[in-house]
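These are the residues of each chain, in order.
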Amino acid sequence: MISAEPQLRYDSLSPAFKSQLLKYLANPITFRNEFDLLSKFITIKTSPDKKIKFYSWDDLTGGTWHNTSCVAQFEADNGKIVAQQINSGKEAELGEYVDSKIYEVFELNIELEKFFLTFAWGTHGSGHQHQIVQMFKIRGDTLVKCNSCFTDNKDLVIEYPRSDKANLIFDPIKNILYFNEFISDEEIGFNRPTGKTISLEFINGVFTKN
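Rules behind the numbers
- Residues numbered from 1 in each chain as written.
- Predicted model: local features only at pLDDT ≥ 70, side-chain atom pairs only at ≥ 80, totals over all residues.
- Heavy atoms only, no water.
- Patch = residues over 30% accessible without salt bridge, like charges linked within 9 Å, V, L, I, M, F, W, Y side chains within 5 Å.
- Areas by Shrake-Rupley, 256 points an atom, 1.4 Å probe, with all protein chains shown as cover.
- Salt bridge = Lys/Arg side-chain N within 4 Å of Asp/Glu carboxyl O.
- Buried < 20%, exposed > 50% of the residue type's maximum accessible area, 1.4 Å probe, protein only.
- Pairing = 2+ DSSP bridges.
- Helix = DSSP H or I, 4+ residues; strand = E, 2+ residues; numbered from the N terminus.
- Axes fitted to C-alpha atoms, helices over the stretch in contact; angles between N-to-C directions.
- Core = buried A, V, L, I, M, F, W, Y, C linked by side-chain atoms within 4.5 Å.
- Contact = heavy atoms within 4.5 Å.
- Disulfide = S-S within 2.5 Å.

*Asks:* Outline a nonpolar patch on the surface, supporting the account with residue identities and numerical values.
*Replies:* On the surface, Ile2, Leu37 and Phe41 cluster together to form a nonpolar patch covering roughly 350 Å² of accessible area. Among the residues examined, Leu37 registers a relative accessible area of 60% and is labelled exposed.

Laid out in structure tokens, this is it:
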């Protein structure tokens, strides 16, 4: 898939790889496998409690918009191993940012419920990049996204120029997110940094600005 022409990857090889990966990840034998060789080509991140793993890869379909696929493999409440796709594949149409590579996973234990907080990176081209913070929890045999954990959106999205850094950090002791502030500047066509740091604390189930 990596060495093929972009159109071939887009039309057949990328969907075939995704289909086969979902099939194999549903096999319980693969859940404890470290996939040393596969991890050289795609990003694999595991939660601290080993209950969930995220597999992310660039579909390499050409252009500056990087179509990133992401699949979760997790242990359901009944012990069953489940594979579930995170991105829809229609991010361009829907204006979403979940076509991003998950590179870090944290755990939050809130009132006997466990949440998984993820950091992901992506780019939709034109000199822009973004980071997205998502919150998930396992409910039955489904991985459910928390749609109320952020005040303005179902996800926290930081969009900024490729020449800048978001400096996204999570403090698991205080349950606080920190990141650089960017504001829209129509004159330059980019979100520009303000030099300020935003901090959001997880209070009563919502990340709230301090």
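Picking up where we left off.
*Asks:* So, the sheet that holds strand S4 (residues 81-85): which residues are in play, and what are the values?
*Replies:* If you walk across this open sheet you meet the four strands as S1-S2-S3-S4, and the pairing is antiparallel. The open sheet has two edge strands with one neighbour each: strand S1 (43-46) and S4. The mean inter-strand angle of the sheet, taken between neighbouring strand axes irrespective of direction, is 15 degrees. Direction of pairing for strand S2 (residues 52-58) relative to strand S3 (residues 68-75): antiparallel, over a ladder of seven bridges. In the strand pairing of S3, Ser56 is matched with Cys70.

*Asks:* Let's hear about the nonpolar core: which residues, and what values?
*Replies:* Among the nonpolar cores identified, the biggest contains 23 residues, and Leu117, Met135, Leu177 and Phe207 are the most heavily contacted of them. Counting only elements with at least two residues in this core, the list comes to strand S5 (101-110), strand S6 (113-125), strand S7 (128-139), strand S9 (156-161), strand S11 (176-185) and strand S12 (190-203). Beyond its immediate stretch of four places on either side in the chain, Leu117 contacts Glu104, Val105, Phe106, Leu108, Val133, Gln134, Met135, Phe170, Leu177 and Phe207.

*Asks:* Could you give an account of unusual backbone geometry, with specific residues and numbers?
*Replies:* The phi dihedral of Ser126 falls on the positive side, at around 55 degrees, and the residue is not glycine. Position of Ser126 among the secondary structure elements: in the loop between S6 and S7. Owing to a relative accessible area of 58%, Ser126 belongs among the exposed residues under this scheme. Phi at Asn167 takes a positive value of approximately 50 degrees, unusual for a residue other than glycine. With respect to the secondary-structure elements, Asn167 resides in the loop between S9 and strand S10 (169-171). For Asn167, a relative accessible area of 45% gives the class partly exposed.

*Asks:* Any details on the state of the cysteines? Residues and values, ideally.
*Replies:* One pass over the structure, following the stated rule, counts one disulfide. The disulfide partner of Cys146 is Cys149, and the S-S distance across this bridge is 2.0 Å. Here the S-S torsion is close to 95 degrees, and the disulfide linking Cys146 with Cys149 is therefore right-handed. Each of the two residues, Cys146 as well as Cys149, counts as buried.

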